[in-house]
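Chain residues, written in single-letter form:
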Amino acid sequence: MCLSDFITAKTANEMDYIGLFAVTSGPGVLEYANSYEKKNDDYNSILVKLLGDRFAEALAEYMHLQARRYLGCEAYQAVNFDDLIKENYRGVRPAPGYPACPDHHEKLSIWQLLNVEETIGISLTDGYSMLPASSVCGYYFTHPQAKYFRVGRIDDDQIASYAKRKGMSVEQICNLLQAQII
């Protein structure tokens, strides 16, 4: 499987969409957590960080719902939280660095297209982690058969092809995809 399987072929003469998103709970989460650490209160510091992460995920899920509604994939009706928790709806929101898209480097495309750092203040580290940490980014797919999956082992010929398409060396790609080539 490949994420591009969830985009209607250009030859189908049908309109299709892919969305990009980046959301954050903001820098206040870390500042608040650090205020507890200064008091040697690790429990509450961890709790604040956990809540910040959950708020970012909740916002990403809410925005996904709004995108599905906007594109006509979901009716405007009361949200059934059981279906929401079970991801029983049309579409997925995979993220760079996760099983269906193991290359964290792809976050750069999202950052460039959405102007993320300037717009909402999320920056990327050299290792492509997001700062503030309570942040989420990824793609919205609305294809009816879209589902989550794990990319399997990536063979040498696939790595060479990917490196060529990305304009990177095989060594650079191997570093980005370490978990997938072992």
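Just above, that's the structure.
A short tour of the structure in this document, coming up.

The rules we used
- Residues numbered from 1 in each chain as written.
- Predicted model: local features only at pLDDT ≥ 70, side-chain atom pairs only at ≥ 80, totals over all residues.
- Heavy atoms only, no water.
- Helix = DSSP H or I, 4+ residues; strand = E, 2+ residues; numbered from the N terminus.
- Contact = heavy atoms within 4.5 Å.
- Areas by Shrake-Rupley, 256 points an atom, 1.4 Å probe, with all protein chains shown as cover.
- Lys, Arg positive; Asp, Glu negative; His and termini not counted.
- Charge placed at Lys NZ, Arg CZ, Asp CG, Glu CD.
- Core = buried A, V, L, I, M, F, W, Y, C linked by side-chain atoms within 4.5 Å.
- Buried < 20%, exposed > 50% of the residue type's maximum accessible area, 1.4 Å probe, protein only.
- Expected span 1.5 Å × (residues − 1).
- Phe/Tyr/Trp six-rings, centres within 6.5 Å; stacked < 30°, edge-to-face > 60°.
- Lys NZ or Arg CZ within 6 Å of the ring centre and 35° of its normal.
- Axes fitted to C-alpha atoms, helices over the stretch in contact; angles between N-to-C directions.
- Parallel < 35°, antiparallel > 145°, perpendicular 65-115°, else oblique.
- Nonpolar A, V, L, I, M, F, W, Y, C, P; charged D, E, K, R; others polar.

Here we look at the overall build of the protein chain
Logical step 1: Helices and strands together make up the secondary structure of the protein chain, namely eight helices and four strands.
Logical step 2: When the elements of the protein chain are put in sequence order from the N terminus, they spell out β-α-α-α-α-α-β-β-β-α-α-α.
Logical step 3: In terms of its C-alpha atoms, the protein chain occupies a principal-axis envelope of roughly 60 × 50 × 30 Å.
Logical step 4: A separation of at least 24 residues holds for 65% of the contacts in the protein chain among residues at least 6 apart in sequence.
Logical step 5: Total accessible area on the protein chain is roughly 11600 Å²; 54% of this is exposed by carbon and sulfur atoms.
Logical step 6: Looking at charge distribution, the protein chain has the averaged site of its 17 positive side-chain charges lying 3 Å from that of its 23 negative ones.

Topic: the nonpolar core
Logical step 1: Core analysis: the biggest nonpolar cluster contains 16 residues, and Leu3, Trp111 and Phe141 have the highest contact counts within it.
Logical step 2: Elements that contribute at least two residues to this core include exactly helix H4 (107–114) and strand E4 (135–141).
Logical step 3: In terms of residues, this core owes the most to one element, E4, which gives three residues.
Logical step 4: If we ignore the near neighbours within four places in the chain, the residues touching Leu3 are Pro94, Ala100, Cys101, Phe141 and Phe149.
Logical step 5: With nine residues, the next largest nonpolar core counts Ile159, Ala163, Met168 and Leu177 among its residues.

With respect to the environment of Glu74
Logical step 1: In this structure, Glu74 sits in the loop between helix H2 (42–70) and helix H3 (81–85).
Logical step 2: Using a relative accessible area of 24% as the deciding quantity, one classes Glu74 as partly exposed.
Logical step 3: Taking the C-alpha atoms as reference points, Glu74 and Ala22, separated by 52 residues in sequence, lie 21 Å from one another.
Logical step 4: Glu74 has contacts with Leu65, Arg68, Arg69 and Tyr89, leaving out every residue within four places of it along the chain.

Quick look at H2
Logical step 1: For H2, built from 29 residues, the straight-helix expectation of 42 Å at 1.5 Å per residue is met to within 8% by its first-to-last C-alpha distance of 42 Å.
Logical step 2: Along H2, the positions that sit buried rather than exposed are Ser45, Val48, Gly52, Ala56, Ala60, Glu61, His64, Leu65, Arg68 and Arg69.
Logical step 3: Contacts made by the buried residues of H2 are with strand E1 (18–24), helix H1 (28–37), H3 and E4.

Description of the environment of Asp103
Logical step 1: Structurally, Asp103 can be placed in the loop between H3 and H4.
Logical step 2: With 79 residues separating them in the primary sequence, Asp103 and Thr24 have C-alpha atoms 21 Å apart.
Logical step 3: Residues in contact with Asp103, not counting those within four places in the same chain, are Pro96, Gly97, Tyr162, Lys166, Leu176 and Leu177.

Side note on the packing of aromatic side chains
Logical step 1: The full count for this structure, using the stated rule, is five aromatic pairs.
Logical step 2: Through successive ring pairs, a cluster of aromatic residues spans Phe6, Tyr139, Phe141 and Phe149.
Logical step 3: In this structure, Lys39 packs its charged tip against the face of Tyr36, placed 5.4 Å from the ring centre.

Observations regarding the packing of H1 against H2
Logical step 1: The interhelical angle for the contact between H1 and H2, taken along N-to-C directions, is 170 degrees, at an axis separation of 7 Å. One finds that H1 runs roughly antiparallel with respect to H2. Here Val29, Leu30, Tyr32, Ala33, Tyr36 and Glu37 of H1 come into contact with H2, specifically with Asp42, Asn44, Ser45, Val48, Lys49 and Gly52.
Logical step 2: Class assignment for the residues of the contact of H1 with H2 results in six nonpolar, three polar and three charged.

From the geometry alone we can't say anything about function, so treat these as descriptive.
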